[in-house]
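What follows is each chain in one-letter form.
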Amino acid sequence: MTKTKATSNQLDADELLHLAIRSSEADRHEESLSYLKRAAELAPKNGKIYYMLGAEHAQIGLYDRAAEEMAKAVELEPDLYTAHFQLGLLHITSARVTQAESAWKALDGLAPDHPLYLFKTGLLHLARDEFNECVLNLKRGIQLNAANPALNNDMQRILGDLEKNINSTSTPTTPVKTKLAPPAHSLLSAYREHRNEDKE
């Protein structure tokens, strides 16, 4: 039995979750997953554990599994708005726009100037080739989002790719699709900031 496994058997779910976060921050993803799976056995109705499992699986490229775990997270904790957003983001980066819209319906109850509402609105405009509206919403969301710099970085990268593609297109009316990379790096940061997030 490994030292990690022996230790994890003596810890409760909250302790395992915090250890998983620390391991993830140090890029020890195998160790983090081990803690999280043990935590899920101890607390199968804890949505935050499934959020972190989704974050870890996105980090190592298992995006479909990540989406399943984010869906489980919001099923268990419907007010985990960051998980709703990240679930939709995982769908839209895989060109599943209808599923993204469904995942993001929970965000419609947020204030219209809430960063998550602005980000999801901007990305849906992008999926419809409505580039001006996309840019306006993403820029406004970045301006108002002080809680999660990693998510701002993801949105800024999308803006940069979009503006680069638009500028390199000879015919302005030609639809331009910017490739959306799955948001692995912002998932963990979003989880850490959730405890400070209010429904505005």
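This one's a predicted model, so the numbers in the text were calculated from it and none came from an experiment. (Residues numbered from 1 in each chain as written. Predicted model: local features only at pLDDT ≥ 70, side-chain atom pairs only at ≥ 80, totals over all residues. Heavy atoms only, no water.)

Visitor: Talk me through the side chain of Glu77; I want residue IDs and the actual numbers.
Guide: Tracing the chain through its elements places Glu77 in the loop between helix H5 (63–76) and helix H6 (81–93). A polar contact of 2.9 Å, which involves the side chain of Glu77, links it to the backbone nitrogen of Gly47. Not counting the four nearest positions on each side in its chain, Glu77 is found in contact with Asn46, Gly47 and Lys48. (Helix = DSSP H or I, 4+ residues; strand = E, 2+ residues; numbered from the N terminus. Polar contact = N/O pair within 3.5 Å; in protein donor to acceptor, adjacent residues only side chain to side chain. Contact = heavy atoms within 4.5 Å.)

Visitor: Explain the pattern of salt bridges to me, using residue names and the numbers behind them.
Guide: Here the structure, examined in full by the defined rule, presents eight salt bridges. Between Arg96 and Asp64 there is a salt bridge, and its shortest N-O distance comes to 3.4 Å. Of this pair, Arg96 sits in the loop between H6 and helix H7 (97–104) while Asp64 is found in helix H5, placing the two residues 32 residues apart along the sequence. The partner of Glu101 in a salt bridge is Arg128, and the shortest N-O contact between them spans 3.1 Å. With a gap of 27 residues between them, Glu101 in helix H7 and Arg128 in the loop between helix H8 (115–127) and helix H9 (131–144) connect regions that are remote in the sequence. (Salt bridge = Lys/Arg side-chain N within 4 Å of Asp/Glu carboxyl O.)

Visitor: Give me the lowdown on the packing of H9 against helix H10 (residues 149–167), citing residues and values where you can.
Guide: One way to put it is that H9 packs onto H10 with a least axis distance of 10 Å and a crossing angle of 150 degrees. Considered as vectors, H9 and H10 are oriented roughly antiparallel to each other. The hand of the H9/H10 crossing is left-handed. Contacts from Phe131, Cys134, Val135, Leu138, Lys139, Gly141 and Ile142 in H9 reach Asn152, Met155, Gln156, Ile158, Leu159, Leu162, Glu163 and Ile166 in H10. Its residues assigned to classes, the contact of H9 with H10 shows 10 nonpolar, three polar and two charged. (Axes fitted to C-alpha atoms, helices over the stretch in contact; angles between N-to-C directions. Parallel < 35°, antiparallel > 145°, perpendicular 65-115°, else oblique. Left-handed = near helix turned anticlockwise from the far one by under 90°. Nonpolar A, V, L, I, M, F, W, Y, C, P; charged D, E, K, R; others polar.)

As far as function goes, none of this settles anything; it's purely spatial.
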